[in-house]
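# Examination of the molecular architecture
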Amino acid sequence: MSEQEQLEVLLAQLISMLPSPVFIAISILFGIVGMVCVFISRKHKQRKLKWAGFALMFYPYLIGNDTRLLVVFGLLLCGLAYFWRKA
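The text that follows walks through the structure, step by step, so that each part is easy to find. (Residues numbered from 1 in each chain as written. Predicted model: local features only at pLDDT ≥ 70, side-chain atom pairs only at ≥ 80, totals over all residues. Heavy atoms only, no water.)

On to the nonpolar core. One finds Phe-23, Ile-26, Phe-30, Cys-37, Leu-49, Ala-52, Leu-56, Tyr-59, Ile-63, Leu-70, Leu-77 and Ala-81 forming the largest nonpolar core, which totals 12 residues. Listing elements by their share of this core, those giving two or more residues are helix H2 (21–44), helix H3 (47–58) and helix H4 (67–86). Those residues within four positions of Leu-56 in sequence are excluded, and the remaining contacts are Phe-30, Gly-31, Val-33, Gly-34, Cys-37, Gly-74, Leu-77 and Cys-78. (Core = buried A, V, L, I, M, F, W, Y, C linked by side-chain atoms within 4.5 Å. Buried < 20%, exposed > 50% of the residue type's maximum accessible area, 1.4 Å probe, protein only. Helix = DSSP H or I, 4+ residues; strand = E, 2+ residues; numbered from the N terminus. Contact = heavy atoms within 4.5 Å.)

It is worth spelling out the packing of H3 against H4 at this point. Their axes nearest at 9 Å, the elements H3 and H4 cross at an angle of 165°. Classified by the interaxial angle, the pair formed by H3 and H4 is roughly antiparallel. As for how H3 packs across H4, the hand of that crossing is left-handed. Across the interface between the two elements, Lys-48, Leu-49, Ala-52, Ala-55 and Leu-56 from H3 touch Gly-74, Leu-77, Cys-78, Ala-81, Trp-84 and Arg-85 from H4. Of the residues belonging to the contact of H3 with H4, the class tally is 8 nonpolar, 1 polar and 2 charged. (Axes fitted to C-alpha atoms, helices over the stretch in contact; angles between N-to-C directions. Parallel < 35°, antiparallel > 145°, perpendicular 65-115°, else oblique. Left-handed = near helix turned anticlockwise from the far one by under 90°. Nonpolar A, V, L, I, M, F, W, Y, C, P; charged D, E, K, R; others polar.)

Put into structure tokens, the structure is as follows:
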């Protein structure tokens, strides 16, 4: 295998490791929702809502490249934040 072919294979492997544009867009969306939760929690002094907001902002870094897991956990955290907002 020539050096050029090895570089092409390496580049293909690196590109396959990148997250999809949908994953990035959903991560940004849940991050914005998390920021809003933190701002609301500071205004109303609700600790649970603040931690749900931080979780929404930072959990995409813990999920791999699986978009389904990102959506499922994001919706669960949004549901928790919604019910904690009411409490």
